[in-house]
Amino acid sequence: MNNIRLYNVAPSVPDELRFLEELSFNMWWCYHPEAQDLFERIDPLLWQEVEGNTRLFMSKLPQGKLEELARDPLYVRELKNVESAFRRDMQPHEDIRKRKIAYFSMEFGIHESVRIFSGGLGVLAGDHLKAASDLHLPLVGVGLLYHQGYFRQVLDSNGWQQERYPENEIHNMPITRALDPAGNEVTISIPLGDRIVFAAVWVLKVGNVPLVLLDTEIPQNPPELRSLTWRLYGGDTRNRIQQELLLGVGGYKALVAMGCTPEVCHMNEGHAAFLSLARIEHLVREFNYTPDTALEIVWRSNVFTTHTPVPAGNEVFDFNLVRPFLEVLCKQAGIDIERMLKWGVPIAERNSSNQMSMTVLGMRLANFSNGVSKLHGEVARQMWKNLWPGRALDEIPIKHITNGVHPASWISNRKRTLFDHYLPGDYLLNSNYEKLRQRLDLIPDYDLWTTHELCRQSLVRYARLRLQKSLKCVVTNPNENAAKPILDPHILTIGFARRFATYKRGTLLLRYRDRLLRLLSNEAAPVQFIFAGKAHPADDNGKRLIQELVQFARQNGISHRLVFLEDYDIGMARKLVQGVDVWLNNPRRPQEASGTSGMKAAINGGLNLSILDGWWDEAYAPGNGWAIPGNENYQNPDDCDNFEAQELFNLLESEVIPLFYERSNNDLPTRWIRMMKNSIAMGLGMFSSLRMVEDYRDMFYTPAMRNYEKLSADNAASATALVEQKRRLQANFPEMRIEEPTIDGNLKGDIHVGDSFKVKVKVYLNALAPSEVDVQIYTGHVNVHNEIITSHSYSMRMTEDLGNGYYIYEHRVVCKSSGRFGLTARITPVGDGWTNSVPGFICWPQ
């Protein structure tokens with residue numbers, strides 16, 4: 001029985017419903033309520049059973065039901081209305097060959113029914129694709145098609161996390177085989193050391209954006225290579241290297257096979273950093289460029305986003321482990337393997353390190369790098385400043401683009417109906433904050449509050465169902481359940497849901513258990529907490545945090561007021577952020593790069609109660625939530641945790657809970673509702689994924705496309721010139737010298753705003769001409785350590801050629817503001833062509 005031929009039999013969809021079939025293959029439906037309703041109204045129970053899997057839903061519909069719908073004029077009319085909106089969003093239709101931007105990510109969280117994500121990184125990537133579709137950006141996503149994905153979470157009778165890995169039924173996923181320009185199905189192959197792995201290529205449509213997914217579970221591969229696309233973040237280090245080579249190298253090859261040669265490649269974290277090797281190889285093979293010429297084109301049109309603010313979280317591979325995998329690929333690209341390995345090591349560590357950092361590799365081969373919040377940008381510049389030795393901290397070329405969320409995917413249908421009536425027509429599309437805030441005042445307090453209360457009630461119903469269906473319910477005392485129903489739909493509800501990593505401090509409230517018990521047992525001003533989140537399968541410390549919460553609730557008889565929901569995913573996240581009153585977040589600052597769950601709560605009117613970390617550090621303002629005071633002076637993390645836990649309880653007891661139960665004459669929490677409106681305006685006006693993708697477009701994608709087009713023109717003449725310029729800079733900069741600047745006049749006493757003074761400096765340029773360099777005055781305010789902290793640079797003028805490579809440069813400095821300043825001089829290449837290069841070229845006085 002080994003030669004069974006498999007085939008699928010689907011219902012025959014009547015012509016009147018053909019669009020429903022097409023819609024089931026495009027995730028556009030999941031962020032358009034009117035489209036979702038087309039499926040749900042056919043059979044609400046079946047829709048709930050399949051958890052929003054449109055293909056499985058369609059396959060289970062009886063033939064007679066479809067024929068009945070085809071004869072329903074109301075349904076057919078609504079179907080056509082949705083189709084009209086769909087067609088508008090698909091226009092102008094561009095085939096994949098015209099996609100100029102490729103966005104590579106290890107995971108994508110589009111909807112809970114497509115389980116190729118684990119958490120925040122994937123959900124952000126999914127929102128990125130949705131926003132790109134809304135903006136009609138010529139972008140294509142690239143990822144892996146996991147057959148088991150990330151684990152499903154179950155808690156045992158002791159509250160300990162267990163993992164299970166059910167199979168994704170590929171034939172029931174909304175994907176189709178990718179085709180090459182001739183119409184043939186695409187299968188690619190890449191070398192993995194001395195072996196070859198093959199991958200079938202699939203396409204998942206997210207609006208008008210295609211997501212290309214690679215699948216190694218095919219007959220051409222032996223079992224150990226088929227398993228590469230089984231589990232997300234599974235297996236050992238060797239497995240991870242192979243997955244990341246498949247994503248970067250295989251993903252790029254898949255695009256080329258489909259007729260798409262992107263001008264810009266965006267690496268969402270270091271997992272995709274190997275893609276640069278594939279880009280170089282393609283340019284060398286297809287256009288006969290030298291490897292160095294190809295390198296100039298590639299790194300100047302790459303974008304890299306880092307999400308990890310702690311050094312330990314950045315992935316590294318031992319040279320001995322990664323070298324066999326890279327040797328063949330480097331040979332194909334004409335790149336020396338030792339040179340390639342060193343691209344992944346900071347300059348200062350190249351003689352001592354035997355590990356390749358994927359973050360360093362990504363930044364080294366990207367002209368545009370960014371953190372994902374303002375604070376994270378500062379942290380990233382400090383963390384990675386050694387990649388650019390001699391560069392001042394404020395000149396480290398890592399910018400920030402703060403994350404955002406896709407409003408249409410996260411706002412509850414009830415609130416969306418209300419917002420549609422009162423808010424500007426573009427409120428889902430990065431609307432203006434001030435205009436939003438004004439229009440929110442038009443919403444009657446009663447309407448907003450009653451709508452929110454319905455969402456809270458919906459959340460409570462959902463949570464009760466999830467707890468009832470759990471294999472092991474966290475509430476085990478039947479007598480307690482009978483006397484006290486789990487959760488109350490009418491009281492203050494606080495949510496905490498995220499990955500259970502230790503730095504996120506999911507049990508911070510347990511630092512003062514007596515205070516927590518008093519809160520949970522207060523019937524005059526009752527409060528309840530809903531927790532959810534997964535710990536990594538190998539993170540026993542994270543699992544222990546979950547267990548502590550569960551056991552604390554059981555042992556103290558408050559399981560009706562403190563619950564933990566198993567198997568956190570996108571669907572649960574949607575219910576939580578739409579229904580809670582307060583969203584709690586208390587990581588150790590500054591270890592939260594951004595965080596986006598609080599943004600999702602905000603656009604639904606939830607109020608954030610958070611440490612000033614990640615996005616909240618720039619979002620918080622009095623009146624839109626609460627900032628938990630921190631104290632970073634403590635050397636002992638336990639002392640810091642104790643202090644911040646006390647501050648959290650102080651806020652809950654003195655501000656949050658009293659404000660929620662403060663009622664006006666009409667029995668409405670008027671001041672709370674005002675804060676809700678502030679929160680909604682802040683979330684929609686400042687933290688939309690459409691704003692985020694527009695920032696990427698304007699700051700990175702557009703200039704990167706210009707770079708690619710300029711450098712590729714005329715048989716890469718500009719890129720070839722850059723290679724020659726780089727050789728001259730590398731040969732001459734180590735030999736160059738600049739003396740300490742001399743100043744005309746006496747600066748020992750005070751000088752005043754408006755005064756000026758002349759600065760001279762003597763330089764030695766070796767074989768470079770003055771036209772090739774920029775000799776600069778570097779000045780700015782200094783801190784207590786006499787370090788320049790806010791810098792300005794001014795080009796100096798060459799006034800005397802002393803011969804033999806020596807020159808005199810001068811500049812007159814005008815004092816434009818008061819304060820304490822520092823001044824020195826330096827030499828850089830002329831122009832900005834090497835500003836973002838690693839390690840760059842810069843010469844300071846010795």
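Everything numeric here is computed off the predicted structure, so don't read it as measured data.

**Q** Tell me about the overall build of the chain, and please be specific about residues and values.
**A** Looking only at helices and strands, one finds 28 helices and 28 strands in the chain. Taking 846 residues into account, the globule formula puts the C-alpha radius of gyration at 28 Å, and the chain, at 29 Å, falls close to it. Dimensions of the chain, computed from C-alpha atoms along their principal axes, come out at roughly 95 × 70 × 50 Å. Within the chain, the proportion of its 846 residues that are buried is 57%. Of the contacts made within the chain by residues no fewer than 6 positions apart, 74% connect residues no fewer than 24 positions apart. As presented, the chain carries roughly 34,800 Å² of accessible surface, and 47% of it is formed by carbon and sulfur atoms. Computed over 93 positive and 100 negative side-chain charges, the inter-centroid distance for the chain is 0 Å.

**Q** Please set out helix H19 (residues 445–469) residue by residue, giving values where relevant.
**A** Side chains that are three or four residues apart share a direction in an α-helix, a result of its 3.6 residues per turn. Its 25 residues place the ends of H19 36 Å apart at the C-alpha level, agreeing with the 36 Å of an ideal helix rising 1.5 Å per residue. Those residues of H19 lying buried are Leu448, Trp449, Thr451, His452, Cys455, Arg456, Ser458, Leu459, Val460, Tyr462, Ala463 and Leu467.

**Q** Report on the sheet that holds strand S25 (residues 788–795), specifying residues and quantitative values.
**A** Taken together, the three strands give an open sheet; going across it, the order is S25-S24-S28, and neighbouring strands pair in antiparallel fashion. Both outer strands of the open sheet, S25 and strand S28 (821–829), are each paired with one neighbouring strand and no more. Across the sheet, the mean angle from the axis of one strand to that of its neighbour is 30 degrees, orientation sign disregarded. Summarising the sheet, strand S24 (residues 773–782) and S28 pair through nine bridges and their orientation is antiparallel. Among the inter-strand pairings, Thr779 is bridged to a residue of S28, identified as Leu823.

**Q** Report on the nonpolar core, specifying residues and quantitative values.
**A** Note that soluble globular proteins tend to have their nonpolar side chains buried in a common cluster. Core analysis: the biggest nonpolar cluster contains 276 residues, and Leu326 and Trp672 have the highest contact counts within it. Per-element accounting of this core gives the leading share, 14 residues, to helix H28 (residues 689–732). Look past the residues within four positions of Trp672 in its chain and what remains in contact with it is Trp449, Leu492, Asp581, Val582, Leu607, Trp626, Val656, Leu659 and Phe660.

**Q** Any details on the side chain of Asp569? Residues and values, ideally.
**A** Tracing the backbone through its elements, the reader meets Asp569 in the loop between strand S17 (562–565) and helix H23 (570–579). In this view, Asp569 contacts Glu112 and Phe117; residues no more than four positions away in its chain are not counted.

**Q** Describe the sheet that holds strand S18 (residues 582–585), with residues and values.
**A** With parallel pairing, the six strands of this open sheet are ordered in space as S17-S16-S15-S18-S19-S20. Taken across any chain shown, the strands that pair with only one partner, and hence form the sheet edges, are S17 and strand S20 (625–628). Strand-to-strand twist in this sheet, taken as the mean axis angle between neighbours without regard to direction, amounts to 20 degrees. Relative to strand S19 (residues 607–611), S18 runs parallel, the two sharing four bridges. Within the sheet, the bridge partner assigned to Trp583 lies in S19 and is Asn608. Across the face of the sheet, H19 comes into contact with strand S15 (492–497), strand S16 (527–532) and S17 while running at roughly 65 degrees to S17. Most of the contacts of helix H22 (residues 540–555) go to S17, to which it runs at about 140 degrees, and overall it touches S16 and S17.

**Q** Describe the packing of aromatic side chains, listing the residues and the values that go with them.
**A** Under the counting rule described, the total for this entry stands at 33 aromatic pairs. Ring centres of Trp616 and Tyr620 lie 5.7 Å apart, and the angle between their planes is 55 degrees; this geometry places the pair in the tilted category. Look at Trp616 and you get buried, because its relative accessible area is 0%. Here the aromatic residues Trp449, Trp626, Phe660, Tyr661 and Trp672 are joined through ring pairs into a cluster of three or more. Note that Arg498 overlies the ring of Phe496, its terminal NZ or CZ placed 4.7 Å from the centroid. Here the basic side chain of Lys534 rests over the ring of Phe151, its NZ or CZ set 5.0 Å away from the ring centre.

**Q** For H22, give the residues involved together with the corresponding values.
**A** In this model, H22 (16 residues) spans 22 Å end to end at C-alpha, consistent with the 22 Å of a helix rising 1.5 Å per residue. What H22 keeps buried is the set Gly542, Lys543, Leu545, Ile546, Gln547, Leu549, Val550, Phe552, Ala553 and Arg554. If you follow the buried residues of H22, they end up packed against strand S3 (152–155), strand S4 (161–164), helix H21 (513–520), S16 and S17. For H22, the N-terminal capping position is held by Asp539, with its side-chain oxygen 3.2 Å away from the main-chain nitrogen of Asn541. Immediately downstream of H22, the backbone of Gly557 shows phi near 65 degrees, a positive value.

The rules behind these values
- Residues numbered from 1 in each chain as written.
- Predicted model: local features only at pLDDT ≥ 70, side-chain atom pairs only at ≥ 80, totals over all residues.
- Heavy atoms only, no water.
- Helix = DSSP H or I, 4+ residues; strand = E, 2+ residues; numbered from the N terminus.
- Rg over C-alpha atoms; globule rule 2.2 N^0.38 Å.
- Buried < 20%, exposed > 50% of the residue type's maximum accessible area, 1.4 Å probe, protein only.
- Contact = heavy atoms within 4.5 Å.
- Areas by Shrake-Rupley, 256 points an atom, 1.4 Å probe, with all protein chains shown as cover.
- Lys, Arg positive; Asp, Glu negative; His and termini not counted.
- Charge placed at Lys NZ, Arg CZ, Asp CG, Glu CD.
- Expected span 1.5 Å × (residues − 1).
- Pairing = 2+ DSSP bridges.
- Axes fitted to C-alpha atoms, helices over the stretch in contact; angles between N-to-C directions.
- Core = buried A, V, L, I, M, F, W, Y, C linked by side-chain atoms within 4.5 Å.
- Phe/Tyr/Trp six-rings, centres within 6.5 Å; stacked < 30°, edge-to-face > 60°.
- Lys NZ or Arg CZ within 6 Å of the ring centre and 35° of its normal.
- Polar contact = N/O pair within 3.5 Å; in protein donor to acceptor, adjacent residues only side chain to side chain.

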